[in-house]
Amino acid sequence: MSNTHHNPFRDEEMAAGYDRWYETPLGSLADRYEKALIHRLARPQAGERALDVGTGTGHFALDLAAHGLEVTGCDSSEPMLEEARAKDPSLDWRYCQVASLPFPEDVFDLVLSVTVLEFVRDPALAVAEMYRVTAPGGRVVVGVLNAQSPWAAMYRQQQDGPFHRARFHTPKEFLDLLGAYGPVRWNSAVFFGPSGRGARLASLFERLGQTFCKGRGALLVGRIDK
């Protein structure tokens, strides 16, 4: 997570415990629906070159690698990168700033970034950098937490934790940001709340939400093509 006023992800204790969320029943459920939407929009293909910007502990980078992509993960937090390297030393893990990615133009078939723009000073510059390193015919897929979801409301009330100082985006702000590069394909995921209420009906909520009120899910995901 890069180019921040305050980067909470540089804290070693935070990095070491970051993945515990995915091990909880609610976190595992949310992760399943987030990944399903990301895959539907990104359409990752084995053999493609992918860049995961703000990779953190490598959660999404490893998912892409498991699908046969050649993955590079970059982040501005060395403690988070150490966690990622421990999971799979064979992947290309790089220290970087989102505002100045250390790659030439037109390199990657897929550039993915999930919950990163919440922490950068200049989200437009971050998206411009992602687009710059994307190869012609490739695509950029970005996920951000929805300012209008109950999850954002919950994070705003927290006195600590990585999202306490995050800047959340409304669907309109998000689409304006990506729309500078052409048509945006988008939807959202996770239509149950942070209390876990509705989790038993999560599958139904996802189908209805993505069909009838796609601006209401917790994670907004958009794709732009180059």
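Please read all numbers here as calculations on a predicted model, not as lab measurements.

Enquirer: Let's hear about unusual backbone geometry: which residues, and what values?
Expert: Residues other than glycine predominantly adopt negative phi, and peptide bonds predominantly adopt the trans conformation. Non-glycine residue R43 carries a positive phi angle of around 45 degrees. Along the polypeptide, R43 turns up in the loop between helix 3 (25–42) and strand 1 (49–53). When its relative accessible area of 53% is taken as the criterion, R43 is described as exposed. Even without being glycine, V190 reaches a positive phi, approximately 70 degrees. Turning to its location among the elements, V190 is positioned in the loop between strand 6 (185–189) and helix 9 (202–212). Since its relative accessible area comes to 2%, V190 is described here as buried.

Enquirer: Just give me the short version of the environment of A147, but keep the residues and values in it.
Expert: Locating A147 in the fold gives a position in the loop between strand 5 (134–145) and helix 7 (150–157). Residue classification places A147 among the buried positions, given a relative accessible area of 15%. Distance from A147 to L220, taken between C-alpha atoms, is 9.5 Å for residues 73 residues apart in sequence. Leave out the neighbours within four places in its chain, and A147 touches A152, R156, F168, H169 and T170.

Enquirer: Tell me about the packing of aromatic side chains, and name the residues and values.
Expert: One pass over the full model with this rule turns up 5 aromatic pairs. Between Y131 and Y181, the ring centres sit 4.5 Å apart and the planes meet at 35 degrees, which makes this aromatic pair tilted. Taken as a pair, Y131 in helix 6 (residues 123–132) and Y181 in the loop between helix 8 (171–179) and strand 6 lie far apart in primary sequence, 50 residues in all. Aromatic pair Y155 and F168: ring centres 6.3 Å apart, planes at 25 degrees, arrangement stacked.

Enquirer: With reference to specific residues and values, describe the packing of helix 3 against helix 4 (residues 59–66).
Expert: When two helices pack together, their arrangement is captured by the angle between the axes and the distance separating the axes. In the contact formed by helix 3 and helix 4, the axes pass within 12 Å of each other and the chain directions differ by 55 degrees. Viewed along their axes, helix 3 and helix 4 adopt a mutual orientation that is oblique. When the axes of helix 3 and helix 4 are compared, the crossing they make is right-handed. Here D31, E34, K35, I38 and H39 of helix 3 lie close against helix 4, whose contacting residues are H59, F60 and D63. Residues that form the contact of helix 3 with helix 4 fall into these classes: 2 nonpolar, 2 polar and 4 charged.

Enquirer: Explain the nonpolar core residue by residue, including any values.
Expert: Among the nonpolar cores identified, the biggest contains 41 residues, and F163, F168 and F192 are the most heavily contacted of them. Residue assignment for this core shows that the elements contributing at least two residues are helix 3, helix 4, helix 5 (78–87), strand 4 (108–114), strand 5, helix 7 and strand 7 (219–225). A per-element tally of this core places helix 3 first, with 8 residues. Excluding its chain neighbours within four sequence positions, the residues that come into contact with F168 are E118, L145, A147, A152, Y155, R156, F163 and E173.

The rules behind the values
Residues numbered from 1 in each chain as written. Predicted model: local features only at pLDDT ≥ 70, side-chain atom pairs only at ≥ 80, totals over all residues. Heavy atoms only, no water. Helix = DSSP H or I, 4+ residues; strand = E, 2+ residues; numbered from the N terminus. Buried < 20%, exposed > 50% of the residue type's maximum accessible area, 1.4 Å probe, protein only. Contact = heavy atoms within 4.5 Å. Phe/Tyr/Trp six-rings, centres within 6.5 Å; stacked < 30°, edge-to-face > 60°. Axes fitted to C-alpha atoms, helices over the stretch in contact; angles between N-to-C directions. Parallel < 35°, antiparallel > 145°, perpendicular 65-115°, else oblique. Left-handed = near helix turned anticlockwise from the far one by under 90°. Nonpolar A, V, L, I, M, F, W, Y, C, P; charged D, E, K, R; others polar. Core = buried A, V, L, I, M, F, W, Y, C linked by side-chain atoms within 4.5 Å.

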